[in-house]
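# Summary of the model geometry
Each chain, letter by letter, is given below.
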Amino acid sequence: MMNLRSQVGNIATYFILAFGAILIFFPLYLTVIVAMKTPAESAQSFFALPSSFYLENFKEVINRVNFGTYVMNSVIITGISLILITYFVPMVSYSISRNSDKKYYKFLLIYFTLGIFIPFQVIMIPVAKMMTQFHLLNITGLIILYVTFSLIQGVFLFVGYLRTIPYELEEAAYMDGSTVWGTYNKIIFPLLRPMTATLLIMNALWIWNDFLLPLIMLNKSPKFWTLQLFQYNFKSQYSFDYNLAFASFLMSMVPIMIVYIFTQRHIIAGLTNGAVKS
Amino acid sequence: MKTLLNKHTLFLFTVPAFVLYTIFFISPMFNGLYYSLTDWDGFSKDYDFVGLSNFIEVMKDEQIRNSLTFTTRYTVLLVFFTVIISLFLALLLNSKIRLRTFFRSVYFFPAVLSLLTVGLIFNQIFYQVLPFMGKGLNIEFLSVNILASPTLAQFGILSVNIWQGVSIPTILFIAALQSVPAELIEAAKIDGATAVQRFRNVVIPYLIPVMNIIIIITLKNGLTLFDYVKAMTDGGPGRATESIGILIYNYAFEELKFSYGITVSIVLFFIMGGISIIQLKWSSKFEVK
């Protein structure tokens, strides 16, 4: 009796999960097949598979815009931001966590954590104004903002994590005459690796996929466009030509899809880690 | 020199972060507070100090009130459905079934896509595909573009938001479910607790901290809704889906109502702060002691 009930439950679970999986895949399936059809073919049927491996839409997109430039911009912005974040966030967090009895460092912790409660919209307009005055409406300016905003959550996560790392190791290193920088670099930073992975994953997804900040900072100069800005502007120009539109969606998704397929375990673990720790 | 540098290393470690954060986050915030008390349009050289009159006008402004109503209703629905659906999915994905790892990676996948891409894809689906299916199946409300209807457009956006937005909460709930000690569940079983009782009294207390995080993240996403609207309706039809995020953006960058836009953003800050405090107070009642 019990057995039968749990079997029915199991089948229902599979059924619901499979249905959900179809709901998730359906839009992606459509994106792929529409991107590979001629306008005439998709006029006949949206859902049917394309009759041949038709790649003209992708070529067309590449011919019309500087697709390579947009990918490069996204890669540069995400890459440089992440490198700087990997240095700045653990360094300041280490100082704060090892001086928690001193006024300046106590203040710093509150100062950075405060940012969690302030929605981006509150500073969006003044920041845009300021970046215009500083002549920083470019990739450098955008990277500066990403690094700055990453500090808020980053310091919060790292100071918490550093509390779990015992002082004995560092003390032994200092006894042996190691400098602060040497100790940090050789002992602390390697111990922080799991949290650094979390920090990088969270920020990589955010920066790569962000739309609002690039829209404010870079939209006026097409040579600075990221993949997200390219899609947004491409849509306004070619929304009637939906084979091309879907080709552009697919092309923008491919890099992150490839990364996901190879690193999904780490991404899921990293994000879970971050949220549970906070 | 070397020892001096060594002595101050920890201080030097804080310098880049402190400088960046002060210049690019804290100072704009105070600038914003200041400008909200002026009538600056963002470009002119002259502007006047107008005290709290921006705030008074914001309270009276019907467009803002509509936008606040839309955004709040949207956020409440979003939080409700996100929590329910992701908890349900987490329970299913945590049960002992085959292909569990596969299903987990499928359900997590939407989280890595950009909101804009997802919004644009669904925009095309609402525009081309669903009406086509609706006509074929003779379902009337599907046979037109939902996003073109002032009453239904918000649900179009909401459903896309949920499609993508349950991924991370689901994974977080799974992690929380795995943190429930198995002995505790066994003990409850032996004491004769039913499945529902076990869930309510043993499992739920372990889910509360994660649920708090999920509610706060989702609240923030809902109240600052921007990307999906920009991709799907741009605030339309009419002003039916003009979220606060869109409104602030338009004031600042399209309509040259600089100080007015900042004022709205400060109002948003107070709403968010207020709701977060209420939520934390409410949930602390249920915390595992």
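Worth saying up front: this structure is predicted, and the values here are computed from it rather than measured.

### What about the overall build of chain B?
- Within chain B, the secondary structure is distributed over 13 helices and zero strands.
- Mapped in sequence order, the helices and strands of chain B form the string α-α-α-α-α-α-α-α-α-α-α-α-α.
- By the compact-globule yardstick of 19 Å for 289 residues, chain B is too spread out, its C-alpha radius of gyration being 24 Å.
- Taken over the C-alpha atoms alone, chain B extends approximately 75 × 75 × 40 Å along its principal axes.
- The buried share of chain B, reckoned over its 289 residues, is 52%.
- The contacts in chain B between residues at least 6 apart in sequence include a share of 68% that link residues at least 24 apart.
- Of the roughly 14,100 Å² that chain B leaves accessible, carbon and sulfur atoms contribute 67%.
- Each charge class in chain B can be summarised by its mean position, and for the 21 positive and 17 negative side chains these summaries are 14 Å apart.

### A few points about the overall build of chain A
- If you tally the helices and strands in chain A, you get 13 helices and zero strands.
- Helices and strands appear in chain A in the N-to-C order α-α-α-α-α-α-α-α-α-α-α-α-α.
- Relative to the 2.2 N^0.38 estimate, which gives 19 Å for 278 residues, the radius of gyration of chain A is 24 Å and therefore markedly larger than a compact globule would have.
- Its C-alpha atoms give chain A principal-axis dimensions of roughly 75 × 70 × 35 Å.
- Within chain A, buried positions represent 53% of all 278 residues.
- Taking all contacts inside chain A whose residues are at least 6 apart in sequence as the whole, residues at least 24 apart take part in 71%.

### A closer look at the domain arrangement of chain A
Residue and element names in this part refer to chain A.
- Split by domain assignment, chain A resolves into domain 1 (2–54) and domain 2 (58–277).
- If you average the C-alpha positions of domain 1 and of domain 2, the two centres end up 34 Å apart.
- Both faces considered, domain 1 and domain 2 share a buried interface measuring about 810 Å² in area, 73% of it formed by carbon and sulfur atoms.
- Sorting the residues of domain 1 by area buried against domain 2 places Thr31, Val34 and Ala35 first, and these three jointly supply 51% of that buried surface.
- At the junction of domain 1 with domain 2, the criterion picks out two residue pairs in polar contact (both at pLDDT 80 or more).
- With five residues, the single largest contributor to the side of domain 1 that touches domain 2 is helix H1 (residues 2–35).
- Looking at the side of domain 1 that touches domain 2 residue by residue, the classes come out as eight nonpolar, three polar and one charged.

### Here's the deal with the interface of chain A and chain B
- Taken together, the 87 residues of chain A in the interface contact 78 residues of chain B.
- The junction of chain A with chain B conceals about 7,800 Å² of combined surface from both sides, 79% of it contributed by carbon and sulfur atoms.
- Across the chain A-chain B interface, the total number found is zero salt bridges.
- Applying the counting criterion to the chain A and chain B interface returns 16 residue pairs in polar contact (both at pLDDT 80 or more).

### Quick notes on the layout of surface pockets
- Taken as a whole, the second largest pocket encloses approximately 1,400 Å³ of empty space.
- Lining the second largest pocket are 25 residues, with B:Ser95, B:Lys96, B:Lys189, B:Ala195 and B:Arg198 sitting closest to its centre.
- For the lining of the second largest pocket, the elements supplying multiple residues, two or more each, are H1 of chain A together with helix H4 (62–94), helix H8 (167–178), helix H9 (182–190) and helix H10 (195–223) of chain B.
- When grouped by side-chain class, the residues that make up the lining of the second largest pocket number 11 nonpolar, seven polar and seven charged.

### Some words on a nonpolar patch on the surface
All names here are of chain B.
- Taken together, Phe132, Met133, Leu137, Ile139 and Phe141 make up a surface patch of nonpolar side chains, about 470 Å² in accessible area.
- Examined against the element boundaries, Leu137 turns out to sit in helix H6 (residues 115–137).
- Under the relative-accessibility criterion, Leu137 is labelled exposed at 58%.

### Let's talk about the environment of A:Thr13
- Relative to the assigned elements, A:Thr13 resides in helix H1.
- Of the residues examined, A:Thr13 reaches a relative accessible area of 10% and is grouped as buried.

### Some points on the pattern of salt bridges
- Under the criterion given, the structure shown has six salt bridges over all chains.
- Among the ionic pairs, A:Glu60 bridges to A:Arg64, the shortest N-O distance being 2.9 Å. With A:Glu60 and A:Arg64 both in helix H3 (residues 56–64) and four residues apart, the pair spans about one turn of that helix.
- Note that B:Asp234 is salt-bridged to B:Lys230, the shortest N-O span being 3.3 Å.

### What about the nonpolar core?
- By size, the foremost hydrophobic cluster in this structure holds 182 residues, and its most contacted members are A:Phe112, B:Phe108 and B:Phe173.
- A total of 16 residues in this core trace back to one element, the largest contributor, which is helix H7 (residues 139–162) of chain A.
- Taken together, domain 1 (2–54) and domain 2 (58–277) of chain A each give at least three residues to this core, which thus spans both.
- Not counting the four nearest positions on each side in its chain, B:Phe108 is found in contact with A:Tyr260, A:Ile267, A:Ile268, A:Leu271, B:Ser167, B:Ile168 and B:Ile171.

### Focus on the packing of H7(A) against helix H2 (residues 9–35) of chain B
- At a closest axis distance of 9 Å, the pairing of H7(A) and H2(B) adopts a crossing angle of 105°. Judged by the angle between their axes, H7(A) and H2(B) are roughly perpendicular. Every residue of H2(B) that contacts H7(A) at A:Ile144, A:Leu145, A:Val147, A:Thr148, A:Phe149, A:Leu151 and A:Ile152 is listed here: B:Ala17, B:Leu20, B:Tyr21, B:Phe24 and B:Phe25.
- Its residues assigned to classes, the contact of H7(A) with H2(B) comprises 11 nonpolar, one polar and no charged.

### Structural notes on helix H7 (residues 153–165) of chain B
- Taking 1.5 Å of rise per residue, 13 residues should cover 18 Å, and H7(B) covers 18 Å from first to last C-alpha, within 8% of that figure.
- Buried within H7(B) are the following residues: B:Ala153, B:Gln154, B:Gly156, B:Ile157, B:Leu158, B:Val160, B:Asn161, B:Ile162, B:Trp163 and B:Gln164.

### A closer look at empty space enclosed by the protein
All names here are of chain A.
- One pass over the structure, following the stated rule, counts four cavities of 30 Å³ or more.
- If you add up the space inside the largest cavity, you get close to 50 Å³.
- As for the largest cavity, its lining consists of Ser74, Ile77, Thr78, Leu142, Tyr146, Ile207, Trp208, Asp210, Pro214, Thr226 and Gln228.
- Where the lining of the largest cavity is concerned, the elements lending two or more residues are helix H4 (67–98), H7 and helix H10 (193–209).
- Ranked by residues supplied to the lining of the largest cavity, first place goes to H4 with three residues.
- Across the lining of the largest cavity, the residue classes break down as six nonpolar, four polar and one charged.

### Some remarks on the packing of H10(B) against helix H13 (residues 258–284) of chain B
Residue and element names in this part refer to chain B.
- Axis separation between H10 and H13 bottoms out at 11 Å; the angle between their running directions is 165°. Accordingly, the angle class assigned to the pair H10 and H13 is roughly antiparallel. Where H10 crosses over H13, the two elements pack in a sense that is right-handed. Together, Ile208, Asn212, Ile215, Ile216, Leu219, Lys220 and Leu223 of H10 and Leu268, Met272, Ile275, Gln279, Leu280 and Ser283 of H13 make up the contact between the two elements.
- A class-by-class count of the residues in the contact of H10 with H13 yields nine nonpolar, three polar and one charged.

Calculation criteria
- Residues numbered from 1 in each chain as written.
- Chains lettered and ligands numbered in written order.
- Predicted model: local features only at pLDDT ≥ 70, side-chain atom pairs only at ≥ 80, totals over all residues.
- Heavy atoms only, no water.
- Helix = DSSP H or I, 4+ residues; strand = E, 2+ residues; numbered from the N terminus.
- Rg over C-alpha atoms; globule rule 2.2 N^0.38 Å.
- Buried < 20%, exposed > 50% of the residue type's maximum accessible area, 1.4 Å probe, protein only.
- Contact = heavy atoms within 4.5 Å.
- Areas by Shrake-Rupley, 256 points an atom, 1.4 Å probe, with all protein chains shown as cover.
- Lys, Arg positive; Asp, Glu negative; His and termini not counted.
- Charge placed at Lys NZ, Arg CZ, Asp CG, Glu CD.
- Domains from an automatic or database assignment.
- Buried area = accessible area lost by both parts, 1.4 Å probe.
- Polar contact = N/O pair within 3.5 Å; in protein donor to acceptor, adjacent residues only side chain to side chain.
- Nonpolar A, V, L, I, M, F, W, Y, C, P; charged D, E, K, R; others polar.
- Salt bridge = Lys/Arg side-chain N within 4 Å of Asp/Glu carboxyl O.
- 1 Å grid on protein atoms, 1.4 Å probe; cavity = no way out; pocket = protein on both sides within 12 Å on 5 of 7 lines; lining within 4 Å.
- Points joined across faces, edges and corners; volume = space filled by probe spheres on them.
- Patch = residues over 30% accessible without salt bridge, like charges linked within 9 Å, V, L, I, M, F, W, Y side chains within 5 Å.
- Core = buried A, V, L, I, M, F, W, Y, C linked by side-chain atoms within 4.5 Å.
- Axes fitted to C-alpha atoms, helices over the stretch in contact; angles between N-to-C directions.
- Parallel < 35°, antiparallel > 145°, perpendicular 65-115°, else oblique.
- Expected span 1.5 Å × (residues − 1).
- Left-handed = near helix turned anticlockwise from the far one by under 90°.

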